[in-house]
Amino acid sequence: MQVDIHAPYKDRIRQALGDPNLRVAVSKATDRMDNARNASMDEIEGERLRSQLRQMKQNVLRNWPDYLQELETNLRQNGCVVHWAEGIEDAQAIVKDIALQNSAKLVVKAKSMATEEIHLNHAMEEAGLRVVETDLGEYIIQLADEPPSHIVAPVIHKRMEEIAEVFQEKLDMPVTRDPTKMTSLARARLRKEFFAADIGISGCNFAIAETGTICIVTNEGNGRMVSSMPRVYVAVMGIEKLVPTVEDAFLQLQALCRSATGQQFTVYCSMTSGPRRKGDVDGPEQVHVVLLDNGRTRMFARGYGEALMCIRCGACLNACPVYQEIGGHAYGSTYNGPIGAVITPALAPEITQFKELPHATSLCGACREACPVKIDLPRLLLDLRSDLVQQGASPTTEALGIKSYSALMSSRRMYESLGKLASIGSNVYAGMSGGNIKFMPPPLNGWTAYRDFAPFARKSFRDWWKERSKKRQRA
Amino acid sequence: MSTRDNILASLRETLRQPDLPFPLLDSPPLTQAERMTVTSASGGLWAQAERFAQEIAAVKGTCELLETETEARLAIVSRLQIWVEEEQAARKTADAERAEDWDVLCWPPAQLHVEGLTHILKETGFKLIEPTDLHDPEQRERIRPVRAGVTSVEAAFASTGSFVVGAGGANARAASLTPFRHLVVVPFSRLFATAEDWLAEMRYAGGLDAYIRRSRNISIVTGPSKSADLEGNLTLGVHGPKVVHAILFDDVQE
Amino acid sequence: MHKATFERRPERVALFVTCMVDMLYPNVGIAACELLEKNGIQVSFPEEQTCCGQPAFNAGYRNEARKLARRFISIFGPLVDSGEIDAIVAPSGSCATMTSHFYEVIFQESNEPDLTIQAQRLAAVTFELTEFLVDVLGLVSTGAQLQGKAAYHPCCHLYRELGVDEQPRKLLAGVEGLELVELPHADDCCGFGGLFAIKNSGISAAMGRAKARYAQQSGADAVVLCDVSCMTHINGILSREGVDCRAQHIAEILNDQCGSNLRPPTDPTPTPADHPRRWGDVA
Ligand code: SF4
């Protein structure tokens, strides 16, 4: 792994920026997905779809507890077991318990951010179970012992040769870069696991309140496999992943597919409403749904509810120029990219735990433009920065700097004198280095480490204005 | 208080805050009347069938359009025969007959909407696998080597080339999932211009929510299983079928 | 934000020149001023103005930002209210965004309804320069003539917050002799982002280098944009990387000023050595 997600922030960024493979892999893939999204949204009334999705999600949050209860009631009626989990430990305990009660040994998993959030694999393995990720990308990074680096494309950070190495090392596959051969090998290996597994675990892309239905969306079919083949199926869902009706589900589904990969529909959308009944040929005998809070109610109360409309399509990551440069691991959190920079601190017990993330963005707004729910991510990032300042989490030098800047700018006299001073100083200094400034002292060396700086003007605009006014008066 | 009650209480408390920045007090639901139809497909059933063919081809599936049920029946049989040949040709030891090549994991005859299909399949040497309980280890093992699955659909959407397979009763989920090749039978009477058209019809008939719940699992399928995880290279048949072939036929005769 | 519609052609405009233009790039301010005057506008420059407070707001220091916002409103508000000016024009999408979008936000947050309303009133008559020239004055061309290749870079605040994109492109297309080339990935951020450029300088510079690569690929002599902050960043990178291309503010281009690698129509093709290497106070 090139980027150590446990390293301090500055180191992670340095590692990421220093890895040329990473940038090539990430920018190639994000460009492809971003273009596909744009094209597929242009094909339809994309703007209208986004507005309608936003309206629907807003309504869900306004009536959140009611929809949750409706979902719970319907899931129970359908024969599902509903569990509520407040945090990571409870969620882990619930799933471990289910495994224990079923004397399970082997778990097959479909890619899921909610289970990443609760570090479920680790907990299950500690409890003596074998856990196999079955999404091809997720399978590769599980073999490589890395976390996913993108919400929908977990192995986006690896190039073909790196993936081939993993196959070679961990699966004894003869050297090949033929994607078809690699896929067949994975298919054969994972097929065995699907047939043998005791438990299937997935996340939940959305749940339909009116029918009590868990929907998972995949292209490979592993979502259908984990929810169909084992005797026990467990879906772990964030409590915000709700839609009111079946029609709403189809609206969101189409917005999700188009925004994530530019598809009209993903290959599979599997909608499970309960365990198999007497006479059914297949399907799980038990369906468990774990409703996970893990900071969501806290985030809601803190005023960051807008980000709870997120449908985890990854479009904001693909559109983000920062993400393109550093990939996902550099964020050091389960969720990365623009949405990760918002919800990681907003979900955390203290937002100050992730104080770097709201600053890891130039606030260019490409994410908001891409988001199918039109979440105002730049605005939320600005709000987080303000909250961080209020909680005293910003460096003293910065606070002092901003305070003196605002004092200075509050007085025309001071502003003008400073301008004069800066002009003389910077021109003398720039003259020494051939016209442009090549070095400045800390903290401004952050600028000159990579870029030159032009000296201040010898004559400011206001000087010109004054002179001109005088001339005109004389004339 | 239980975790559940805590969560619900916390949400309600937040929603009571008068100056909560989000969501606004006035956040009406998206109504049936205003909800948009995302895609569209125009024309009569044949035009829609052609659109379906075009769309499924775009996602690497294949398709045949037939005028009658009789033609469909023959097309199904010959498609399965072609598949057997392809399987055998693909194996290194091409001469070795493998009994499993002739296995077909099938929905029960009544669910396939093609009269006499199972009969003719048996006549032509196919072995129909119709499991009753796939948690039974023996039956489970039995379906493992099966290379072809045959199902019909609940509905198909012309504008996207998608189809809906519902599970329940003798309709195995596995039939459209575990085999390498999936043959899907779509009578025109199940073809809708768009997903929204199907939903509207079901809703109108009063059966949408009941249907979704009753069929403990439905899957909307759009083309063969695929992945782009290997540095963007498209590969097919990752977990689900690598080949998806739809046979559409006119059972309406407009 | 609701933009005012003018019943008669506005005649008097206050220039909100922005602190960066004032101190670093006066030529941009002069060009903006001359452009307006050439089109029959009477320009005033309220000399009390300093900075709009964006750096503080951007960094999360809202109290400090409010302090400067109040100051700004106290300078420009009375001019608008008394009818002394019809509009405020800034040669910057970013600073115009601060005063016309975010002032409202910060005063709403601090529960100051009077200031919120005043901010909204100012927002309605605040325009970015090209937005004003095209949308309000109905200009299609400024009559400028230049030779060389130019690529337009839409700065993020201008493009995404103010939704101004066609206006500058239209005016550029109206510059006689100027060949417009497409900047690949034009709407990708250049990486400036205010404090971001210092706090996350590595990432910011990597983004800037991507922009520089695309500028080079485009074959443009000049990258034209509407914000001097992004211009400073892009030029800082281009200069450090030794790329023979310069970013230049649109006001200068529209006002026939050369300066960067663009030349007056009569100039013979210069040798590379003649290209001004410095930017900023070129004149
Ligand atoms: S914030 Fe928007 S764009 Fe980003 S993942 Fe969520 S829904 Fe998609």
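Reading the values: rules and limits
- Residues numbered from 1 in each chain as written.
- Chains lettered and ligands numbered in written order.
- Predicted model: local features only at pLDDT ≥ 70, side-chain atom pairs only at ≥ 80, totals over all residues.
- Heavy atoms only, no water.
- Pairing = 2+ DSSP bridges.
- Helix = DSSP H or I, 4+ residues; strand = E, 2+ residues; numbered from the N terminus.
- Axes fitted to C-alpha atoms, helices over the stretch in contact; angles between N-to-C directions.
- Contact = heavy atoms within 4.5 Å.
- Buried area = accessible area lost by both parts, 1.4 Å probe.
- Salt bridge = Lys/Arg side-chain N within 4 Å of Asp/Glu carboxyl O.
- Near = heavy atom within 4 Å.
- Nonpolar A, V, L, I, M, F, W, Y, C, P; charged D, E, K, R; others polar.
- Buried < 20%, exposed > 50% of the residue type's maximum accessible area, 1.4 Å probe, protein only.
- Polar contact = N/O pair within 3.5 Å; in protein donor to acceptor, adjacent residues only side chain to side chain.
- Core = buried A, V, L, I, M, F, W, Y, C linked by side-chain atoms within 4.5 Å.
- Phe/Tyr/Trp six-rings, centres within 6.5 Å; stacked < 30°, edge-to-face > 60°.
- Lys NZ or Arg CZ within 6 Å of the ring centre and 35° of its normal.
- Domains from an automatic or database assignment.

Enquirer: Go over the sheet that holds strand β1 (residues 81–85) of chain A, please, and point to the residues and values.
Expert: All names here are of chain A. The sheet built from 6 strands is open, its strands ordered β1-β10-β7-β4-β2-β3 with parallel pairing. Lying at the two open borders of the sheet, with one neighbouring strand each, are β1 and β3 (130–133). Looking at each pair of strands side by side, their axes are set apart by 20° on average, direction ignored. The pairing of β1 with strand β10 (residues 286–292) spans 5 bridges and is classified as parallel. Paired with Ala85 across the bridge in β10 is Leu292.

Enquirer: Lay out the interface of chain B and chain A in plain terms, naming residues and giving numbers.
Expert: Taken residue by residue, the interface counts 89 residues in chain B and 102 residues in chain A. Between chain B and chain A, the buried area comes to about 8,500 Å², and carbon and sulfur atoms account for 55% of it. If you sort the residues of chain B by the area they bury against chain A, Arg216(B), Glu231(B) and His239(B) come out on top, with a joint share of 11%. There are 8 salt bridges connecting chain B and chain A. Across the pair Asp66(A) and Arg12(B) runs a salt bridge whose closest N-O atoms are separated by 3.0 Å.

Enquirer: Just give me the short version of the site of the ligand, but keep the residues and values in it.
Expert: Contacts to the ligand come from 13 residues, most closely from Cys310(A), Cys313(A), Gly314(A), Cys316(A) and Cys371(A). Its residues assigned to classes, the shell around the ligand shows 11 nonpolar, 1 polar and 1 charged.

Enquirer: So what's going on with helix α8 (residues 136–143) of chain A? Residues and values would help.
Expert: With 7 of 8 residues buried, α8(A) lies mostly within the body of the structure. Buried within α8(A) are the following residues: Leu136(A), Gly137(A), Glu138(A), Tyr139(A), Ile140(A), Ile141(A) and Leu143(A). At its buried positions, α8(A) is contacted by α6 (113–117), β3, α9 (160–171) and α10 (179–196) of chain A together with β10 (226–230) of chain B. For α8(A), the side-chain oxygen to backbone nitrogen distance between the N-cap and Gly137(A) is 3.1 Å, and the N-cap itself is Asp135(A).

Enquirer: I'd love a proper account of the nonpolar core, names of residues and values included.
Expert: With 246 residues, the main nonpolar core has Phe250(A), Trp198(B), Leu36(C) and Phe132(C) as its most contacted residues. Each residue touching Leu36(C), except ones within four places of it in the same chain, is listed here: Val13(C), Leu15(C), Ile41(C), Val43(C), Val89(C), Leu129(C), Phe132(C) and Leu133(C). Formed by 83 residues, the second largest nonpolar core is a distinct cluster that contains Ile141(A), Met182(A), Tyr268(A) and Ala158(B).

Enquirer: So what's going on with the interface of chain A and chain C? Which residues, and what values?
Expert: Each side of the interface is counted separately: chain A has 70 residues, and chain C has 73 residues. The contact between chain A and chain C buries some 6,300 Å² in all, and 57% of this surface belongs to carbon and sulfur atoms. Summed over the three residues of chain A that lose the most area to chain C, namely Tyr450(A), Arg451(A) and Phe461(A), the buried surface amounts to 12% of that side. Along the contact surface separating chain A from chain C lie 11 salt bridges. Our enumeration of links across chain A and chain C arrives at 35 residue pairs in polar contact (both at pLDDT 80 or more). Here the side of chain A that touches chain C takes 8 residues from helix α19 (residues 396–409) of chain A, the largest share from any one element. Split into classes, the residues belonging to the side of chain A that touches chain C amount to 32 nonpolar, 16 polar and 22 charged.

Enquirer: Just give me the short version of the pattern of salt bridges, but keep the residues and values in it.
Expert: By the definition in use, this model includes 64 salt bridges over all chains. Glu141(B) is the salt-bridge partner of Arg144(B), the closest N and O atoms lying 3.1 Å from each other. Classification of Glu141(B) as partly exposed rests on a relative accessible area of 44%. The network of salt bridges with shared partners includes Arg412(A), Glu416(A), Arg462(A), Lys466(A), Asp22(C), Glu47(C), Glu48(C) and Arg71(C).

Enquirer: Any details on the packing of aromatic side chains? Residues and values, ideally.
Expert: Per the counting criterion, the structure on display carries 22 aromatic pairs over all chains. For the ring pair Phe6(C) and Phe127(C), a centre distance of 6.0 Å and an interplane angle of 40° mean the geometry is tilted. Highlighted residues: Phe6(C) in the segment before β1 (12–15) and Phe127(C) in strand β4 (residues 126–128), separated in sequence by 121 residues. Residue Phe6(C) is classed as partly exposed on the basis of its relative accessible area, which comes to 28%. Among the aromatic residues, those joined into a cluster by ring pairs are Phe250(A), Phe265(A), Phe157(B), Trp198(B) and Tyr211(B). A cation over a ring is seen here: Arg312(A) above Tyr335(A), with NZ or CZ 4.5 Å from the ring centre. Lying across the ring of Phe180(B), Arg147(B) places its NZ or CZ 4.2 Å from the centre.

Enquirer: Give a description of the sheet that holds β1(C) that names residues and reports values.
Expert: Residues and elements named next belong to chain C. Spatially, the 4 strands line up as an open sheet ordered β2-β1-β3-β4, and their pairing is parallel. The sheet terminates laterally at β2 (42–44) and β4, the two strands that pair on one side only. The sheet shows a mean angle of 35° between the axes of neighbouring strands, taken without regard to direction. Bridge count for strand β3 (residues 87–90) against β4 is 3 bridges, and the pairing is parallel. Among the inter-strand pairings, Val89 is bridged to a residue of β4, identified as Phe127.

Enquirer: Please provide a residue-by-residue account of the environment of Ser362(A), values included.
Expert: Relative to the assigned elements, Ser362(A) resides in the loop between α16 (337–347) and α17 (366–370). Sequence separation between Ser362(A) and Pro378(A) is 16 residues; the distance between their C-alpha atoms is 8.8 Å. Those residues in contact with Ser362(A) that sit more than four places away from it in its chain are Val322(A), Cys189(C), Gly193(C), Phe196(C) and Met207(C).

Enquirer: Which residues make up the domain arrangement of chain A, and what values do they have?
Expert: One can read the domain layout of chain A as domain 1 (44–294) and domain 2 (415–474). Domain 1 of chain A and domain 2 of chain A are separated by 57 Å when their C-alpha centres are compared.

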